[in-house]
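Chain and residue survey
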Amino acid sequence: MTLSEIQIYLKKHKVDAYFLPRNNMFLEEDILEEENEIFSLTGFSGSAASLVICQDKTYLFTDGRYELQSKMETNPQEVEIICSSADFPYLWLQNHFESGKFSLMYNPWTISAGTISKFTDMFPKAKLICDEKNILETKLSSKKAHVFSLSEEYAGITAEEKIAEILPILKQNDIDAYLLTSANEVSWLMNLRSDALPDSPILRAFALIKKDGSVTLFADNTDKADILPMSKLEKSLKAVKKGKLGVDKKNMPQMICEIFGAKNLRDIGDIIRDKQILKNEIELEGYIKAHRQDAVAMIKFLYWLDNNYKGKTELDIVAKIDSLRAEQDLFISKSFDTIAATGSNGAIVHYHPSENTNKVLERNSVLLLDSGGHYQDGTTDITRTIALGIPKQKIVDANTIVLKSHIALASSIFPKGTTGVALDALCRKELWKESMDFKHGTGHGVGFVLNVHEAPRISPQAKNSHFYKNMVTSIEPGYYKENDYGIRIENLYYTQECANSDMLKFEVLTLVPLDKRLINKYLLSEDEIKWVDEYHQKVLEIMSPYLDAKHKEWLEDACAPL
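Keep in mind that this is a model prediction, so the values were computed, not measured. (Residues numbered from 1 in each chain as written. Predicted model: local features only at pLDDT ≥ 70, side-chain atom pairs only at ≥ 80, totals over all residues. Heavy atoms only, no water.)

A word on the packing of aromatic side chains. The final tally for this structure, using the stated rule, is 15 aromatic pairs. Ring centres 5.4 Å apart and planes at 75° place the aromatic pair Phe61 and Trp92 in the edge-to-face group. Note that Phe61 is positioned in strand S3 (residues 58-62) and Trp92 in helix H4 (residues 90-96), a separation of 31 residues in sequence. Of the residues examined, Phe61 reaches a relative accessible area of 3% and is grouped as buried. (Phe/Tyr/Trp six-rings, centres within 6.5 Å; stacked < 30°, edge-to-face > 60°. Helix = DSSP H or I, 4+ residues; strand = E, 2+ residues; numbered from the N terminus. Buried < 20%, exposed > 50% of the residue type's maximum accessible area, 1.4 Å probe, protein only.)

Below, the discussion takes up the sheet that holds strand S16 (residues 365-371). Where strands meet in a sheet, backbone hydrogen bonds hold them as pairs that are either parallel or antiparallel. What the three strands build is an open sheet, ordered S15-S16-S19; its pairing is antiparallel. Of all the strands in the sheet, just strand S15 (339-342) and strand S19 (382-388) have a single pairing partner and so form its edges. Looking at each pair of strands side by side, their axes are set apart by 15° on average, direction ignored. Relative to S16, S15 runs antiparallel, the two sharing four bridges. Note on S16: the bridge partner recorded for Ala340 is Leu369. (Pairing = 2+ DSSP bridges. Axes fitted to C-alpha atoms, helices over the stretch in contact; angles between N-to-C directions.)

In this section: the side chain of Thr379. Among the structural elements, Thr379 can be located in strand S18 (residues 378-379). On the basis of relative accessible area, Thr379 is assigned to the buried category, the value being 0%. Within the structure, the side chain of Thr379 is placed 3.3 Å from the backbone oxygen of Gly447, a separation counted as a polar contact. Within the structure, the side chain of Thr379 is placed 2.9 Å from the backbone nitrogen of Val449, a separation counted as a polar contact. (Polar contact = N/O pair within 3.5 Å; in protein donor to acceptor, adjacent residues only side chain to side chain.)

Bringing the nonpolar core into the picture now. In terms of nonpolar packing, the biggest core is built from 79 residues, with Phe301, Leu305, Ile317, Leu367, Met543 and Leu555 touching the most fellow members. Look past the residues within four positions of Leu555 in its chain and what remains in contact with it is Ile299, Pro513, Val539, Leu540, Met543, Ser544 and Leu547. In this structure, Ala219, Val247, Met252 and Cys257 belong to the second largest nonpolar core, which totals 46 residues. (Core = buried A, V, L, I, M, F, W, Y, C linked by side-chain atoms within 4.5 Å. Contact = heavy atoms within 4.5 Å.)

On to the sheet that holds strand S17 (residues 373-375). Spatially, three strands are ordered S14-S17-S18 in an open sheet, and the strand pairing comes out antiparallel. Single-partner strands in this sheet number two, and they are strand S14 (331-334) and S18. When S17 meets S18, the two strands line up antiparallel, connected through two bridges. If you follow His374 over to S18, its bridge partner there is Thr379.

Have a look at this one:
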């Protein structure tokens, strides 16, 4: 259906609005283009989106990362863009329907039971209407996915051992089974991965975990014989109905309530996430090894770029870095769609070059390159802002302020349990001093050969993210000047205890030099210069043995002291 056809349907059935999040039944996971109903209806391709289709107008809600991109990709005659930090437009609905009396249609597979509960609490006079006729169907690709195991050599612990760790939680809550609907967590728990998505090797499946330790997986279009089709889920849930079924309503599709009966479900929250984000020692060792492999690809790329950037396009950059990563041992796939942006395109935070937007690299400007890879032993994510020729001094100074911001957090010592909100402020303070800021989070957890984005978060909204030992996170402050340039500096780190203290610090994983041509050392303090020089010395010492003579010579120059 088109937007206009949906609006005609709403008028005919006297429904005020249709709420459409960017989801299929696997909430908050990446989706394929053919599964993206918001893209189909509006042309917006960003990863953060929800749509409220009213009878006469459509509203697209996204966040600051996509403020520029959303305006470029949508028709302003059809769609009004609203940038907000909230995924769901509660406050907007409150203001738009002041009386609180309105009707809202939704697809129960694409919205969480927690969101429905919150919505009901906030708008007791509103009428929620389940889309029983499925006018906006849940789209799931029919492409068959190959499922493969992540060996204990890399995972560090078997699926059986992970399951055994969570069974006491079922017993403690007096439940007979637990329905796990997060594909990311199912993949982690079962040590299974798949190629269903090009950049996230998760197995898109639900898991029914029984108190005896048996686990039944449900997924469509896989090549693994012992996974049941989703059509069998309802029957399996009804078999537990007289018993007690535990769920996490916050992250579970509302449809499960429709199948099982909301009153019979026990909301015991997410029993996997805290275990998943605390990396075991084998996983941490894998991250370290994967980052060395990844650094080889990045260093070779930077050497190549220095000698070949003239006349090259953004798509040339994507092809080159992707090919160099693919040469590395244990490589599986990219960890997200590579961002390569020159000049003004860099100001579009999550810009991805296409045939329609592809630009030739601008001399005397910068290239913003955000890329990463999944390897069997770990996942990487790195952003470098790279000089092309001799950039203007204003760009060099802006990059230096962003670097100061990065160093401020990367060198911090903080108590266990510190929130992502507090860490975010530590990072932004150097930018704020110069009346600068950025409209995205400062950091995110990185899954172990899973989603590149996971908990914990570092952002102004991350009050429920708490940091402890053995968590992996990005630190990625930036600055974006519309119609001019974009800057971001991103490394991955893991949290470790300080010597002779129970405080925490960040240990760096990323081993790729920063572009010294974009550093004004006269804006740095002595401690900041020391941080840069020590980081570069570490990069040089660790990475030199992995490189041939010409790349080693380039690295020695790139890592020379400021």
